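# Topology and contacts: notes
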Amino acid sequence: MNRILATAIVGLLALPAYAEGDAEAGKKAFNKCKSCHLIADPAGEVIVKGGKTGPNLYGVAGRTAGTVEGFKYGDSIVAAGENGLIWDETTFVEYAQDPKGFLKTYLDDTAAKSKMTFKLKSGAEDVYAYIVSVSGE
């Protein structure tokens, strides 16, 4: 019985994580994000033209925070990545809603900062679903 339960648990853990938000609503909501972020595939094909103040969000799901090659991150987000922060729907949504607050809590450091000052108060689940939908994930 224990082997069956263990096998079932391992099977569930192996399932891919799908975004629960509404990708179509996220496409519209991403307009708030594209002043700082673009979405471009690894070959450089631009999916959503946007700014370069923030990192490229293509493939963010499952990526370690602070690791887009060639992007200059702040110390706190790099430290979060070094401490195991992997972007999934939950972490993305919490970060997007209050980047500085999220990092302070995640790092247990009241001095933590975020270069992202914008707070996406609602619709972050939808934005995440949209990014996942255009990232081939």
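See the structure above.
Residues numbered from 1 in each chain as written. Predicted model: local features only at pLDDT ≥ 70, side-chain atom pairs only at ≥ 80, totals over all residues. Heavy atoms only, no water.

Within the largest apolar cluster, 29 residues are counted, with the highest numbers of intra-cluster contacts made by Phe30, Ile77, Trp87, Val127 and Ile131. Sorting the residues of this core by element identifies α3 (75-82), α4 (89-97), α5 (99-107) and α6 (124-134) as the ones contributing at least two each. If one sorts the elements of this core by residue count, α6 sits on top with 6 residues. Filtering out sequence-adjacent residues up to four positions away, Phe30 remains in contact with His37, Ile39, Val48, Leu57, Val127, Tyr130 and Ile131. (Core = buried A, V, L, I, M, F, W, Y, C linked by side-chain atoms within 4.5 Å. Buried < 20%, exposed > 50% of the residue type's maximum accessible area, 1.4 Å probe, protein only. Helix = DSSP H or I, 4+ residues; strand = E, 2+ residues; numbered from the N terminus. Contact = heavy atoms within 4.5 Å.)

Turning our attention to the environment of Thr91. Following the sequence through the fold, Thr91 ends up in helix α4. In this structure Thr91 comes out as buried when scored by relative accessible area, which is 14%. As for Thr91 and Ala61, which are separated by 30 residues in sequence, their C-alpha atoms are 9.9 Å apart. In contact with Thr91, other than residues within four places in its own chain, are Leu85, Ile86 and Phe102.

Right, let's get into the pattern of salt bridges. A full pass over the atoms with the stated rule returns 1 salt bridge. With its nearest N and O atoms 3.7 Å apart, the salt bridge here joins Lys119 to Asp98. Residue Lys119 is found in the loop between α5 and α6, and its partner Asp98 is found in the loop between α4 and α5; the two are separated by 21 residues along the sequence. Classification of Lys119 as partly exposed rests on a relative accessible area of 38%. Judged by relative accessible area, which is 30%, Asp98 ranks as partly exposed. (Salt bridge = Lys/Arg side-chain N within 4 Å of Asp/Glu carboxyl O.)

To continue, consider the packing of aromatic side chains. Both the distance between ring centres and the angle between the ring planes are used here to describe each pair of aromatic rings. With the rule as written, the count across this model stands at 7 aromatic pairs. Plain terms: the ring middles of Phe71 and Tyr73 are 4.8 Å apart, the flat faces sit at 70 degrees to each other, and that makes the pair edge-to-face. Phe71 sits in the partly exposed class, given a relative accessible area of 22%. A residue is classified by how much of its surface remains accessible, and Tyr73, at 14% relative accessible area, is buried. Taken together, the aromatic side chains of Trp87, Tyr95, Phe102 and Tyr106 make up a single cluster linked through ring pairs. (Phe/Tyr/Trp six-rings, centres within 6.5 Å; stacked < 30°, edge-to-face > 60°.)

Right, let's get into the layout of surface pockets. Space inside the largest pocket adds up to approximately 590 Å³. Around the largest pocket, the lining comprises 32 residues; the ones closest to its centre are His37, Gly54, Pro55, Tyr95 and Met116. The element that contributes the greatest number of residues to the lining of the largest pocket is α4, accounting for 3 residues. Residue classes in the lining of the largest pocket are distributed as 18 nonpolar, 10 polar and 4 charged. (1 Å grid on protein atoms, 1.4 Å probe; cavity = no way out; pocket = protein on both sides within 12 Å on 5 of 7 lines; lining within 4 Å. Points joined across faces, edges and corners; volume = space filled by probe spheres on them. Nonpolar A, V, L, I, M, F, W, Y, C, P; charged D, E, K, R; others polar.)

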